[in-house]
Amino acid sequence: MITKTEGIVLKTLKYGEADLIVTYLTPDRGLIRAFAKSSRKTKSRFGSSLEPLTHARIALWGKEQTSLSKITQADILNSFHPIRENYNDFVYVSKLAETLISFTPEAIPNIRLFAFFLNILNIIKDTDLQGSTSLHIISQIRLLKHLGFAPRLSSCGRCGGMSHDFYPDAGTTLCPSCVKDPRHQSKPFVKISNQAIHFYSHCIEWPIDKSNRLKPNQGTLAELSGILDRHVSFMLSKKLMTSKFIENRGTASKRQ
Amino acid sequence: MSSGVVDDLITELTRLPGIGRKSAQRLAFFLMGMPDAEALSIAQAIIRLKDKARFCRNCFNITEDEVCSICDDTRRDTAQICVVEEPSNLIVIENTKVYKGLYHVLLGALSPIDGITPERLKINELIERVKKGGVEEVIIATNPNTKGETTAQYILQLLKPLGVKVSRIAYGLPIGGDIEFADEVTLSKSLQGRNQM
């Protein structure tokens, strides 16, 4: 049976001699993986339509419940190649894609998530702040919120009181009186600055296309990035590959 | 029911890329039907490969010696280094007989989502080669896909301060193909990189 839908390529995996397994985010089938025969050959009819971040109209062959359909056609709707051509943008958008793959169950339709991710790609592509760390962090926060995994930093997750201590194992800040709970005593926590809390609250509340007006300093961005990484690592019980990549890239460039 | 030795061979063959259980079974029974000398010759070739093949200490091409035949060839142009992802890419470029410089094999391409970091590739070794001097041009011939492009951009960032000329192999349409089947990205790249006739 042939199914027609549209999808955004999140990841590709080499398979066999010249084939690819492509992970798509689709509006009506959710996160799916599909097989593209001979797609790595120079004269492949798929061309660049299977490159990461490409938004394409696709035709899939196979039973709807099958774990791996075959891609028979892919027509590009938006290649998003300006993102791929900007090294920093591509690295950070890869982080968003990995976050999305890690937190989203397969084959559960989610039109809002699809529309949201497409919107993020359009904003990053069209912004004049290409390579902006601020936009990358804002996108990550908004994505986590959309997925339902955003940490609570604005106030204590138990009593709503003011707190600057973030507990990754609780996914929230906890005030000193709530920490008396034996479950949280002696658990590691991270101190958060006022600037980071304010910036985070704005990112959560403001529409993403307006968030570019926020001008946080580099220290605040680095602080929030570290907190988000710890939170995501705790939720997934593993560190994201892209987070490791960004860390290693930092050490590599310092060494040069 | 198959005997243990055949099962063992089938299990081992399924480790190869693109070989599933059925293909492995077919290969195993084909090997069983082969003359002894031919089957043993295949086994010996694999043993010799694992025993003698190593990476060239300069360019990381596959060689039997300390330095590969290309690095050892005094007729090659040492001012040019062509950077490729895999040794198989080097063979294809050599087959063109157009390029006369040296090579540098990265042994992979950067991929943030797969955790392939610069440390896992031979990028630092390339920078050290350029720093030693004598190199005028580095031609980046990584694959024309996202991973290859990310790798090319990363290398460019590191080579820029060293003042060496960095070029990228051209993007474009494959010879023998029809323009109507080309996708918009390939076509726009080939228009950008057009040559005067």
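Residue positions are given per chain, counting from 1 as you read along its sequence in written order. Labels are handed out in written order, letters beginning with A for the chains and numbers beginning with 1 for the ligands. The model is predicted, so local features are restricted to residues of pLDDT at least 70 and side-chain atom pairs to those at 80 or more, both for listing and for counting; the totals for chains, interfaces and linings are taken over all residues. Only heavy atoms go into the side-chain values, all of them from the structure, while hydrogens and water stay out.

*Asks:* For this particular structure, what's the right way to read the domain arrangement of chain B?
*Replies:* By convention, interface size is frequently given as the accessible area that disappears when the constituent parts associate. In this entry, domain limits derive from an automatic or database-based domain assignment. Taken as a whole, chain B is organised into domain 1 (4–52) and domain 2 (74–168). A C-alpha centroid distance of 35 Å is found between domain 1 of chain B and domain 2 of chain B.

*Asks:* Could you clarify how one ought to interpret the confidence of the model for chain A in this entry?
*Replies:* Detailed reading of the predicted coordinates is not advisable wherever pLDDT falls low. pLDDT: the predictor's confidence for each residue, scored from 0 to 100. On average, residues of chain A score 87 in pLDDT, and 92% of them are at 70 or above. Low confidence marks residues 251–256 of chain A, where pLDDT is under 50. Its contacts with residues over four positions away, or in another chain, come to 9 contacts. Every residue pair with non-hydrogen atoms within 4.5 Å of one another is taken to be in contact.

*Asks:* Looking at this model, I keep getting lost on the pattern of salt bridges. Mind explaining?
*Replies:* Opposite charge on two side chains makes pairing possible when the charged atoms of those side chains draw close. Any Lys or Arg side-chain nitrogen located within 4 Å of an Asp or Glu carboxyl oxygen qualifies as a salt bridge. In the structure shown here, the tally under the stated rule is 15 salt bridges over all chains. With its nearest N and O atoms 3.2 Å apart, the salt bridge here joins R75 of chain B to D73 of chain B.

*Asks:* Before we go on, may I ask you to explain the interface of chain B and chain A in this structure?
*Replies:* The interface is formed by 30 residues belonging to chain B together with 33 residues belonging to chain A. Summing both partners gives a buried area of about 2700 Å² for chain B against chain A, and 58% of it is carried by carbon and sulfur. Accessible area that two parts lose when put together, evaluated with a 1.4 Å probe and summed over both, is termed the buried area. Together, P112, I113 and T146 of chain B form the three largest contributors to the area buried by chain B at its contact with chain A, with a combined 25%. Where chain B packs against chain A, one counts 2 salt bridges. Identification of polar contacts relies on pairs of N or O atoms within 3.5 Å, with a donor-acceptor requirement for protein atoms, meaning one able to donate a hydrogen and the other able to accept it, and with residues adjacent in sequence counted only if both atoms are side-chain atoms. Summed over the shared surface of chain B and chain A, the result is 6 residue pairs in polar contact (both at pLDDT 80 or more). Listing elements by their share of the side of chain B that touches chain A, those giving two or more residues are α6 (123–131), α7 (146–159) and α8 (184–192) of chain B. Put simply, DSSP marks the helices as runs of H or I at least four residues long and the strands as runs of E at least two long, and each gets a number from the N terminus on. Looking at which element gives the most residues to the side of chain B that touches chain A, the answer is α7 of chain B, with 7 residues.

*Asks:* What should I look at first to understand the sheet that holds strand β8 (residues 172–173) of chain A in this one?
*Replies:* In a beta sheet, neighbouring strands pair by backbone hydrogen bonds and run either parallel or antiparallel. Residues and elements named next belong to chain A. A pair of strands is labelled paired if DSSP reports no fewer than 2 bridges between them. The sheet built from 4 strands is open, its strands ordered β6-β8-β7-β9 with mixed pairing. Sheet topology places β6 (152–156) and β9 (190–191) at the edges, where each strand pairs with a single neighbour. Two elements, strand β7 (residues 165–167) and β8, share 2 bridges in a ladder whose sense is antiparallel. Residue Y167 lies in a different strand from β8, and its bridge partner there is T172.

*Asks:* Would you mind going over the pairing of strand β4 (residues 101–105) of chain B with me for this structure?
*Replies:* Working note: regular strand, side chains alternate between the two faces of the sheet. All names here are of chain B. Of all 5 residues making up β4, 5 are buried, and the element is well covered by its neighbours. Of the pairings in the sheet, the one linking strand β3 (residues 77–84) to β4 comprises 5 bridges and is parallel in character. When the sheet's bridge partners are listed, I81 is paired in β4 with L102. Handedness of the β-α-β unit built from β3, helix α5 (residues 87–96) and β4 comes out right-handed. Each residue is assigned to one of three classes by its accessible area relative to the maximum for its type, calculated with a 1.4 Å probe on protein chains only: buried under 20%, partly exposed between the two thresholds, exposed over 50%. Crossover handedness is defined by viewing with both strands directed away from the observer: a clockwise path from the first strand over the helix to the second marks the crossover as right-handed.

*Asks:* Explanation requested: the nonpolar core in the structure shown.
*Replies:* Inside soluble globular proteins, nonpolar side chains tend to come together where they are buried. Here the nonpolar core consists of buried residues drawn from Ala, Val, Leu, Ile, Met, Phe, Trp, Tyr and Cys, with membership extended through side-chain atoms lying within 4.5 Å. Among the nonpolar cores identified, the biggest contains 49 residues, and L25, L100, F117, L121, I141, F199 and L224 of chain A are the most heavily contacted of them. Looking at this core, the elements that each hand over two or more residues are β1 (2–15), α2 (87–103), α3 (111–126), α4 (133–147), α5 (194–205) and α6 (218–236) of chain A. Here this core gets 9 residues from one element, more than from any other, and that element is α3 of chain A. Split by domain, the residues of this core number at least three in each of domain 1 (2–81) and domain 2 (127–255) of chain A. Aside from chain neighbours lying at most four places away, what touches L224 of chain A is I137, I141, L153, A196, F199 and Y200 of chain A. In terms of nonpolar packing, the next biggest core, distinct from the first, is built from 23 residues, I246 of chain A together with I140, A152 and I155 of chain B among them.

*Asks:* Just checking my understanding: could you explain the packing of aromatic side chains for this structure?
*Replies:* The relative placement of two aromatic rings is captured by the distance of their centres and the angle of their planes. Residue and element names in this part refer to chain B. Any two of the Phe, Tyr and Trp rings considered here, Trp counted by its six-membered ring, make a pair once their centres fall within 6.5 Å; the pair's planes then place it as stacked at under 30 degrees, edge-to-face at over 60, or tilted in between. Scanning all chains against the criterion turns up 5 aromatic pairs over all chains. Aromatic side chains Y99 and Y103 sit 5.2 Å apart centroid to centroid with 70° between the ring planes, which places their arrangement in the edge-to-face category. Take Y99: its relative accessible area is 11%, and that puts it in the buried class. Here Y103 falls in the buried class, since its relative accessible area comes to 1%.

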